[in-house]
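So you can see what is in the structure, the chains are spelled out below.
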Amino acid sequence: MVPPLALDIDGTLTTRSDQIDPRVFEVLPAWEAPIVVATGKSFPYPVALCHFLGIPEQVVAENGGVVCADGQVSFQGDRDRAEQAIDAFRDRGGDLGWDAADTTNRWRESELAANVDADEELLRTVAEEFGLEVVDTGYAYHLKTPGVEKGDGLAAVADILGLDAGSFVAIGDSENDVSLFGAAGDSYAVGNADEHAKGAAETVIDGEYFEGTLGVLESLQPAE
Ligand SMILES: O=C(O)COP(=O)(O)O
Ligand SMILES: [Mg+2]
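- Looking up the chain in an unreviewed UniProt entry gives the name Phosphoglycolate phosphatase, with the organism given as Halonotius pteroides.
- Taken verbatim from the UniProt record of the chain, the Sequence similarities (unreviewed entry) comment is "Belongs to the archaeal SPP-like hydrolase family."

Here you go:
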């Protein structure tokens, strides 16, 4: 039997050019154990991914700020405080780096994210003043409440599903996956992962992006 999976999106299910690898649509719907999509992206993105994969909406979004399973949703973190911090960031000349629609933050419930081109030093200064932290995923800077983590989100989903988080295999690529690796029983960092993820993973693989993830998933299949 294959194990349940906790899968990051960006850098893990994607290609080098940020697209969902089309093979995700073959492999994940056929996986014969629960899948939790655990991401820093805001809630609608992993829900939409599950929807279009045709798999249950078992989701950890916003780095643990939003948890959804079995039709229940719960929230952690303090978006109001993140907004106050971003007001201060803007007062000092900072810019989140998004366009007017800001689809990155528009539906975000528990934190706020800045473009990787934003002023990291200023963002970190403001975060500290407001008792928040900055997590760099390589895709965005997340201004978040300390202690809200993907790993706790996985534990919460596992609990709802009546599973042990330790039975999950986690695959990820960045700093925001460290807690996920800690909560899961086994963990893999893809070859494109940052040093935090590589340092925390049980196994670091050579394969990059979904090519690497696919190799892990194939290795988890029982021998014929
Ligand atoms: O939202 C991000 O910055 C990265 O998303 P991820 O956690 O799916 O890689
Ligand atoms: Mg990632």
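**Some details on the pairing of strand E8 (residues 141–144)**
Moving on, step 1. Neither face of E8 is open: one carries Tyr-141 and Leu-143, the other His-142 and Lys-144, and all of them are buried.
Moving on, step 2. Summarising the sheet, strand E6 (residues 112–114) and E8 pair through three bridges and their orientation is antiparallel. By the bridge assignment for E8, Ala-114 is matched with Tyr-141.
Moving on, step 3. Relative to E8, strand E7 (residues 133–136) is paired through four bridges, and the arrangement is antiparallel. From the neighbouring strand, Asp-136 faces E8, where its bridge partner is Tyr-141.

**Concerning the packing of helix H3 (residues 79–91) against helix H4 (residues 120–129)**
Helix-helix packing is characterised by the crossing angle of the two axes and by the distance between the axes.
Moving on, step 1. Across the interface, H3 lies against H4 with an axial gap of 9 Å and an inter-helix angle of 135°. On the basis of the axis angle, H3 is oblique to H4. H4 is crossed by H3, and the crossing has right-handed handedness. When H3 is examined against H4, the residues Ala-85, Ile-86, Ala-88 and Phe-89 are found in contact with a partner set consisting of Leu-122, Leu-123 and Val-126.

**Some remarks on the sheet that holds strand E1 (residues 5–7)**
Moving on, step 1. One open sheet holds the eight strands; their spatial order is E5-E4-E3-E2-E1-E9-E10-E11, and the pairing between them is mixed. The strands lining the two open edges of the sheet, one partner per strand, are strand E5 (72–75) and strand E11 (203–204).
Moving on, step 2. Pairing analysis gives three bridges linking strand E3 (residues 59–61) to strand E4 (residues 66–69), with the strands arranged antiparallel. Residue pairing for E4: Ala-61 is matched across the bridge by Val-66.
Moving on, step 3. The strands touched by helix H2 (residues 44–53) within the sheet are strand E2 (35–38) and E3, with E3 carrying the most contacts at an inclination of about 155°.
Moving on, step 4. Lying on the sheet, helix H5 (residues 150–161) is in contact with E1, E2, E3, E4 and E5; it crosses E4 at an angle near 20°.

**Describing the coordination of the magnesium ion (ligand 2)**
Moving on, step 1. Those protein atoms acting as donors to the magnesium ion (ligand 2) are Asp-8 (OD), Asp-8 (OD), Asp-10 (O) and Asp-173 (OD), and they sit at 2.0 to 2.8 Å.
Moving on, step 2. When the donor residues of the magnesium ion (ligand 2) are listed from N- to C-terminus, their spacing reads D-x1-D-x162-D. Highlighted residues: Asp-8 in the loop between E1 and helix H1 (24–27) and Asp-173 in the loop between strand E9 (169–172) and helix H6 (178–183), separated in sequence by 165 residues.
Moving on, step 3. Take Asp-8: its relative accessible area is 3%, and that puts it in the buried class.

**Brief notes about H5**
Moving on, step 1. The first and last C-alpha atoms of H5 sit 16 Å apart over 12 residues, in line with the 16 Å expected at 1.5 Å per residue.
Moving on, step 2. The inward-facing, buried residues of H5 contact E1, E2, E3, E4 and H6.
Moving on, step 3. Directly after H5, the chain includes Gly-162, whose backbone phi takes a positive value near 75°.

**A few points about the domain arrangement of the chain**
Moving on, step 1. Examined at the domain level, the chain breaks down into domain 1 (5–75 + 148–220) and domain 2 (79–144).
Moving on, step 2. The straight-line distance from the C-alpha centre of domain 1 to that of domain 2 is 23 Å.
Moving on, step 3. Where domain 1 abuts domain 2, roughly 1,300 Å² becomes buried across the two surfaces, and 48% of that area is made up of carbon and sulfur atoms.
Moving on, step 4. When the buried area of domain 1 at its contact with domain 2 is split by residue, Glu-62, Asn-63 and Glu-175 rank highest and sum to 31% of it.
Moving on, step 5. In this assembly, domain 1 and domain 2 are joined by one salt bridge.
Moving on, step 6. Glu-149 is paired through a salt bridge with Lys-144; the nearest N and O atoms lie 3.6 Å apart.
Moving on, step 7. Across the domain 1-domain 2 interface, the total number found is nine residue pairs in polar contact (both at pLDDT 80 or more).
Moving on, step 8. Here the residues of the side of domain 1 that touches domain 2 sort into six nonpolar, eight polar and eight charged.

**A few points about the packing of aromatic side chains**
Moving on, step 1. Under the criterion given, the structure shown has zero aromatic pairs.
Moving on, step 2. The positively charged end of Lys-41 is found above the aromatic ring belonging to Tyr-45, 5.4 Å away from the centroid.

Rules and cut-offs
- Residues numbered from 1 in each chain as written.
- Chains lettered and ligands numbered in written order.
- Predicted model: local features only at pLDDT ≥ 70, side-chain atom pairs only at ≥ 80, totals over all residues.
- Heavy atoms only, no water.
- UniProt positions renumbered as here; feature names shortened; annotations may be inferred.
- Buried < 20%, exposed > 50% of the residue type's maximum accessible area, 1.4 Å probe, protein only.
- Helix = DSSP H or I, 4+ residues; strand = E, 2+ residues; numbered from the N terminus.
- Pairing = 2+ DSSP bridges.
- Axes fitted to C-alpha atoms, helices over the stretch in contact; angles between N-to-C directions.
- Parallel < 35°, antiparallel > 145°, perpendicular 65-115°, else oblique.
- Left-handed = near helix turned anticlockwise from the far one by under 90°.
- Contact = heavy atoms within 4.5 Å.
- Donors = N, O, S within 2.8 Å, 3.2 Å for Na, K, Ca; no water.
- Expected span 1.5 Å × (residues − 1).
- Domains from an automatic or database assignment.
- Buried area = accessible area lost by both parts, 1.4 Å probe.
- Salt bridge = Lys/Arg side-chain N within 4 Å of Asp/Glu carboxyl O.
- Polar contact = N/O pair within 3.5 Å; in protein donor to acceptor, adjacent residues only side chain to side chain.
- Nonpolar A, V, L, I, M, F, W, Y, C, P; charged D, E, K, R; others polar.
- Phe/Tyr/Trp six-rings, centres within 6.5 Å; stacked < 30°, edge-to-face > 60°.
- Lys NZ or Arg CZ within 6 Å of the ring centre and 35° of its normal.

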